[in-house]
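# Remarks on the overall topology
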Amino acid sequence: SLIARCARRAPGAVESPGIGALAARRSHGTASHGSGGVRPDHLTRTAGEPREDIVADAKIIAVHEETPTVRELVLEVSDRAFTFRAGNWVDFFIDGCPKIGGYSMCSTPSELPKLRLAVKRSLHPPAAWCHSEACAIGAHVQMRAGGTFCWDPAGYAERSAEHLLFVAGGIGINPLYSMAQAALLAPRSSFPQLRRISLLYSASRPSELAYRLHLEELARGDERLRLSLRVTRNDGAEQEPWEGLTGRMGVAELRAALSEESAGNKVLSYVCGPPAMTDALVDVLRSELGLPKEMVRSEKWW
């Protein structure tokens, strides 16, 4: 099977020729849901990223609709050696599926062997499977963790940062949600300098703000977390009740988030969302707001 072939070629710290060849064979792309364009295949986009050695079996133990277009899967990983860092993604292998999915964990490493993924509905075969009846309790998949986009509690930048700034657009909330939870769970004695965690999160409509209730609960329970939620397309016949912020994020919003905790290179920022949004906000943080390049981390999701 495709899963077995990929498992035999599992790379180590650097990408192996096998997975690169597989990516090349599958690099034609798929129509991006709602965009009318072509989206790069997960393996193509991540061909240069490190991956763990382990390809682990996992069983779906719960499924629920997080938003009208996002389904959360709760999985139990059978291999206790499987690990990841908050913010990482998995290669997602589905037996019989012609494509390999790529989804960021929205849970934290401390929750293992349970692991949570939130998958946006689309026509891409792995996402379509995740939103089908086949994706049900008891179904089995395989996963391999990878990526460099993460909050690493042992990292120098993480241990010296006084302010963590997370900026999410749409399904880009997944890795940032994982990182924010991990940072909040870390013993304060290990990160005494961390004074502020800001999360700026935009979605099309209020109902599409994944994990909103839990994020609000986290903000109420820890004075370090400042949460800013906004919607960008809540109008027309399907308008939903909303009294919060509206419109896209830009330089004013980022400057305001940094104003109280302007600590120069003590601000570590993460941006994740659609490509155009991610590129624009990374440029704002580096060029207009002066954050050092190495303190602005980003990842793009289609």
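Below is a short write-up of the structure. Keep in mind the model is a prediction, meaning the values are calculated, not measured. (Residues numbered from 1 in each chain as written. Predicted model: local features only at pLDDT ≥ 70, side-chain atom pairs only at ≥ 80, totals over all residues. Heavy atoms only, no water.)

This next bit is on the environment of Glu299. If you trace the backbone, Glu299 turns up in strand β14 (residues 296–300). Taking C-alpha positions, Glu299 is 6.5 Å from Val271, a pair spaced 28 residues apart along the chain. Beyond its immediate stretch of four places on either side in the chain, Glu299 contacts Gly87, Trp89, Ser104, Phe149, Val271, Cys272, Gly273 and Thr278. Here the side chain of Glu299 touches Trp301 through a polar contact of 3.1 Å, side chain to side chain. (Helix = DSSP H or I, 4+ residues; strand = E, 2+ residues; numbered from the N terminus. Contact = heavy atoms within 4.5 Å. Polar contact = N/O pair within 3.5 Å; in protein donor to acceptor, adjacent residues only side chain to side chain.)

Trp151, Leu164, Phe166, Tyr201 and Tyr270 are the most contacted members of the largest nonpolar core, which totals 39 residues. Where this core is concerned, the elements lending two or more residues are β9 (163–169), α6 (173–185), β10 (196–203), β11 (225–231) and β13 (267–273). What Trp151 contacts, discounting residues up to four positions off in sequence, is Ala86, Glu158, Leu164, Met179, Ala182, Ala183, Ala186, Phe191 and Tyr270. Core analysis: the second largest hydrophobic core is formed by 25 residues, Val77, Val90, Phe92 and Met143 among them. (Core = buried A, V, L, I, M, F, W, Y, C linked by side-chain atoms within 4.5 Å. Buried < 20%, exposed > 50% of the residue type's maximum accessible area, 1.4 Å probe, protein only.)

Here the focus is helix α9 (residues 275–288). Taking 1.5 Å of rise per residue, 14 residues should cover 20 Å, and α9 covers 19 Å from first to last C-alpha, within 8% of that figure. Elements that come into contact with the buried residues of α9 comprise β9, α8 (251–259), β13 and β14. Looking one or two places after α9, you find Gly290, whose phi comes out positive at around 75°. (Expected span 1.5 Å × (residues − 1).)

So, on to unusual backbone geometry. Of note, the bond from Leu112 into Pro113 is cis; its omega dihedral lies within 30 degrees of zero at 15°. Relative to the helices and strands, Pro113 is located in the loop between β6 (101–104) and β7 (114–120). Although it is not a glycine, Tyr211 adopts a positive phi angle of roughly 65°.

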